[in-house]
Every structure is written in C-alpha cells, then in structure tokens.
Amino acid sequence: MTAAITQQPHSGEPWLDDLAQEQDEYFHSGATQPYPFRLDQLRRLKAAIAANEDRILEALRTDLRKPAFEAFIAEVGFLYAEINHTIKHLDGWMKPRRVGTPLQLMPSRSAIYSEPRGRVLIIGTWNYPFQLIMAPRVGAIAAGNVAVLKPSELAPATASVLSDLIGKTFPRKYVAVVEGGVQTSQALLARRWDYIFFTGGGHVGRAVARAAAEHLTPITLELGGKSPCIVEGDADLDLAARRIVWGKFLNAGQTCVAPDYLLVHRSVRDQLLRRMADRIRTVYGDDPAASPDYARIITERHFDRLAGLLPGANIVTGGRMNRADRYIEPTIVEGVALDHPAMADEIFGPILPVFAYDSLDEALHIIRQRPNPLALYLFTRSRSTEEKVIRTVPFGGGCINDTMMHLSNPDLPFGGRGGSGMGAYHGRHSFDTFSHHKSVVRSAGWLDPKLRYQPYAGKLSLIKRFFR
Ligand code: NAD
C-alpha cells in the first residue's frame with residue numbers, strides 16, 4: 001500500500017483513526033528504532049529526492065515560478081546537506097549521554113537516553129513547500145518516529161510530487177502524506193499525536209497550540225514575523241545592497257526570514273537606496289517581469305493583500321505589477337508611518353519599507369515595540385554595535401553583515417521566540433526536537449546508607465550538610 005492519501009477527511013472520518021492505529025502498531029513494534037534502520041531510511045529518502053529532482057524543481061516552478069537555482073539551493077540542495085549531516089552524526093547523537101552524578105547519589109551513574117516521541121504530525125506551508133515538510137521529516141526519521149505529513153494546499157504541484165515520492169518510497173504505516181486544506185488540517189489536529197511540528201502563520205499557529213493543548217501534545221511552532229534589517233553608518237554599503245536585495249527578493253520576498261523592513265542610518269540612506277536600486281536592475285534587468293530569476297506571488301489573494309500595502313507609501317523603486325501574472329516588481333518604499341498596514345503584519349512579499357534613523361537606539365526602539373522577530377540582520381563594521389544588538393534585542397536568529405545565511409549552518413538551531421514561534425530544529429536540534437530525553441540513574445546497591453530512610457529523627461541537621 002502506498003503512503004499517498006488524497007481523500008478529503010473530516011474529523012468524523014474513521015480512516016484517519018485506522019491510519020493512526022496502523023502507525024501506532026508499527027511504532028510499538030520497535031521497527032523504526034535501530035540505528036541501521038534509521039540510516040537506511042535517510043539514505044532512501046536522499047535517493048528518492050535525487051531520483052525525482054527534476055520533477056521537484058518543475059513542481060516548484062509551477063506553484064511559484066521558482067527559479068531552478070533558488071529551488072535547488074533552498075529546497076533540494078538544502079535537504080541533501082541536512083540528510084548528509086544527519087547521516088554523519090546520527091550514531092553519536094543516538095548514544096546515551098553520560099552526565100556527572102552528585103556526591104549524595106554515589107555510588108551510581110547518570111545518563112540521558114534519547115527515545116523517539118512516537119507518532120508525529122508535520123504540517124507545512126507553501127513558500128518552501130518541499131523543504132519545510134522534508135527537513136522536519138529528516139529529524140523525525142533520525143529520532144526513530146513514524147509520521148504523517150500534511151503539505152500546503154496552496155502549492156498543489158509540489159504537494160502531489162511529495163505525496164508520490166513518499167508513497168513510492170515508504171509504507172504508510174511508517175510515513176503517510178495526507179493532502180488537503182484547512183479542513184484536513186483540522187481533522188488531523190483533532191486527533192492525538194505524540195508531537196506536532198507546525199510551520200505557518202501565527203494565527204494558525206495559535207489554533208495548532210489550542211488543539212495540541214487538548215491532548216497535552218508537545219509542539220514546535222515555526223512562525224514568521226517582521227524581521228528587521230539594520231544598516232549602520234559605518235557599514236560596507238555595496239555588500240549591504242547586494243545581500244539585502246538577494247535576501248529580500250529571493251522567492252519574491254516570500255521567505256519567513258526575509259528582511260521585512262529596513263532601518264538605515266540617515267547619513268547613508270541616499271547612498272544605500274541608490275545602490276539597492278542599481279543592484280535590482282543589475283540582477284533582474286530593467287524589466288524584472290521578464291527575468292527567469294524572479295518568482296511569482298503564490299495566489300491572487302496574496303497578490304491583493306500585497307498590492308493593498310502600497311497606497312500611502314512613496315515608491316523609491318519598483319511598484320509595477322500584473323495581477324494576471326501574479327507579478328509584483330521588487331519594490332522599495334518610504335514615507336510609511338509606523339502604524340501603516342505595511343508595518344502591522346509580516347509583508348511576505350517583494351515590498352521593502354525603509355526608515356531612516358539618527359541613532360541606533362531609535363532603530364532598536366522600533367524593533368522592540370513589535371513582537372520578537374524570527375530573524376534580525378545588522379550591517380556594521382563595529383564589534384561593539386554587534387554586541388549591543390545581539391545582547392539587547394530578542395530575536396530568533398540572524399546574521400551580521402549578511403541575510404538569511406544562518407539557516408544554512410546545520411549546527412545552528414533555527415526557530416523563533418514569542419510571536420515568531422517556539423522550539424527549534426536543523427541538524428542535532430531536529431534530532432533533539434523529535435526525541436524525548438529520558439533521564440536514568442543507575443544505582444549500585446552495595447552501599448546503602450540509612451540516612452535517607454524513615455524514621456528521620458536526628459537526621460535533619462546531618463542531611464542539611466549535603467545541600468550547603
Ligand atoms: P498558513 O499558516 O495559512 O498554513 C500553513 C498550514 O496550516 C497549511 O498546511 C494549511 O493547510 C494549514 N492551515 C491553514 N489554516 C488552518 C486552520 N485554520 N487550522 C488548521 N490548519 C490550518 O500559512 P501561511 O500563513 O500562508 O504561511 C505563511 C507564514 O508562514 C508566514 O508568516 C511565514 O513567515 C511563516 N513561515 C515560517 C517559516 C519558519 O520556518 N519559521 C517558514 C515558512 C513560512
């Protein structure tokens with residue numbers, strides 16, 4: 001039987017319960033736990049992705065007009081790196097970790113065992129529709145779990161390839177793809193899971209948290225938010241222009257960690273904006289609509305939302321759009337008030353509002369007034385400015401003198417805080433996310449002082465010495 005399931009469920013449908021029972025039984029058989037099994041599944045996943053690489057890139061082009069280069073680096077290539085890293089380190093991650101043991105527990109030894117959580121639900125969104133389902137899946141395999149994957153209905157071509165690939169590679173008792181929209185997601189969330197891993201917007205994230213609370217299911221929420229980019233007066237402006245334009249307009253700005261708005265020191269505002277406008281022309285040409293390297297907005301609804309952010313803003317560069325093609329030109333705007341709709345929610349598209357500031361504290365004040373961002377970027381040559389921003393502003397993760405590249409280091413945990421999410425993954429952090437850490441004290445019986453046992457008369461003053 002294949003794992004791909006396209007039937008539309010609702011919460012009353014019994015077949016989801018049958019699937020849960022099948023997966024539970026398979027998980028409790030212990031089959032997913034041995035190291036050779038996990039290693040083999042990771043290799044099979046990598047081989048299946050490699051065998052379907054062209055189809056995946058084509059599906060991403062269909063859904064988002066995603067350039068093959070961007071689809072490769074941020075989805076397929078990203079996964080190869082994640083799988084390779086996991087294969088290389090899995091043996092070590094799985095080993096029980098010895099930790100110290102305090103004197104009062106002697107003679108004994110202490111260790112932390114990683115055990116799989118069990119049956120996990122992974123719900124993804126549409127902007128990196130392949131990677132955002134598969135990268136958590138790598139962690140779920142590594143940690144020995146069974147899983148149901150729910151890709152986004154807004155990227156249907158990718159969801160279909162993903163479903164086919166998983167269906168032909170794994171039995172559904174081990175991993176099943178359930179395709180569908182909001183109702184499907186709700187039907188899945190109404191059931192009990194051992195872990196839920198959700199990527200998407202904060203509004204749905206809250207619904208996921210509420211559903212999880214019903215069963216006390218632990219969760220990871222990978223959400224979004226308004227990620228600021230600060231350019232200080234001492235920054236390398238050519239470098240900043242190149243890297244901000246790259247990070248903002250990759251995937252037409254539909255990236256959770258894209259710079260959402262720009263804060264630039266007034267002394268370099270004119271120079272930076274000129275360089276950025278030049279850079280946009282250099283990389284996309286005079287008419288970005290004709291560039292093979294520029295993606296499209298996912299749906300007309302999102303196009304309308306983005307187009308609705310422009311009234312009331314002064315366009316510095318860009319601004320052309322075509323609804324039929326879901327095209328919005330790389331656009332930089334100014335003159336936006338801090339309570340303008342463009343500063344209310346994450347933009348998630350190719351529009352970049354710019355604010356000039358006179359002191360760094362002014363910029364940091366703007367950031368701190370908003371929910372904790374998923375990412376923060378700072379361009380500066382000053383180590384003390386770096387330290388000040390890193391140590392005083394809460395954010396998920398970020399870069400100094402770059403944008404978005406912190407995601408490509410599998411040794412770094414990726415996740416938000418507060419409004420941008422909870423929990424983290426990638427590399428070892430994925431393994432830890434999908435594992436329960438079980439603490440075990442192995443006690444020796446040959447020495448068994450009477451001190452801790454009842455009756456306690458006369459022992460209190462003695463026991464106090466151990467705690468001081
Ligand atoms: P979304 O939150 O609307 O949808 C995500 C998933 O949730 C889909 O599979 C969808 O079917 C399901 N869903 C939608 N409504 C639901 C409901 N009421 N109940 C249950 N499930 C429901 O996706 P979106 O908001 O369009 O995605 C964009 C957001 O995702 C942005 O905020 C972006 O920053 C964020 N994001 C975060 C990351 C990250 O890794 N932190 C990555 C990509 C995107």
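Computed from a predicted structure; not experimentally measured.

**Student:** What should I look at first to understand the sheet that holds strand β19 (residues 435-443) in this one?
**Tutor:** Remark on secondary structure: sheet strands pair via backbone hydrogen bonds, oriented parallel or antiparallel. Ordered by their spatial adjacency, three strands build an open sheet running β2-β3-β19, and the pairing between neighbours is antiparallel. The sheet is open, and its two borders are formed by β2 (97-99) and β19, each paired with just one other strand. Going from strand to strand, the sheet's axes swing by 30° on average, the running direction of each strand aside. Inspection of the sheet shows β2 paired to strand β3 (residues 108-116) by three bridges, in the antiparallel sense. Counterpart to Val99 in the pairing with β3 is Ser110.

**Student:** For this particular structure, what's the right way to read the domain arrangement of the protein chain?
**Tutor:** Accessible area lost on assembly of the parts is the figure often given for the size of an interface. Split by domain assignment, the protein chain resolves into domain 1 (4-223 + 421-440) and domain 2 (228-415). Using C-alpha coordinates to define each centre, domain 1 is positioned 30 Å away from domain 2. Facing the 24 residues of domain 1 at the interface are 25 residues of domain 2. Counting the surface lost from both domain 1 and domain 2, the interface buries some 2,100 Å², and carbon and sulfur atoms represent 56% of this. Looking only at domain 1, the three residues that lose the most surface to domain 2 are Arg65, Glu70 and Trp126, adding up to 25% of its buried area.

**Student:** Hey, could you run me through the side chain of Lys66 in this one?
**Tutor:** For Lys66, the position within the fold is in the loop between α3 (53-64) and α4 (68-94). Residue class for Lys66 comes out buried when judged on its relative accessible area of 1%. A polar atom in the side chain of Lys66 sits 2.8 Å from the backbone oxygen of Asn127. The contacts of Lys66, once residues within four sequence positions are left out, are Leu60, Arg61, Ala71, Glu75, Asn127, Tyr128, Pro129, Asn251 and Ala295.

Conventions and cut-offs
Residues numbered from 1 in each chain as written. Predicted model: local features only at pLDDT ≥ 70, side-chain atom pairs only at ≥ 80, totals over all residues. Heavy atoms only, no water. Pairing = 2+ DSSP bridges. Helix = DSSP H or I, 4+ residues; strand = E, 2+ residues; numbered from the N terminus. Axes fitted to C-alpha atoms, helices over the stretch in contact; angles between N-to-C directions. Domains from an automatic or database assignment. Contact = heavy atoms within 4.5 Å. Buried area = accessible area lost by both parts, 1.4 Å probe. Buried < 20%, exposed > 50% of the residue type's maximum accessible area, 1.4 Å probe, protein only. Polar contact = N/O pair within 3.5 Å; in protein donor to acceptor, adjacent residues only side chain to side chain.

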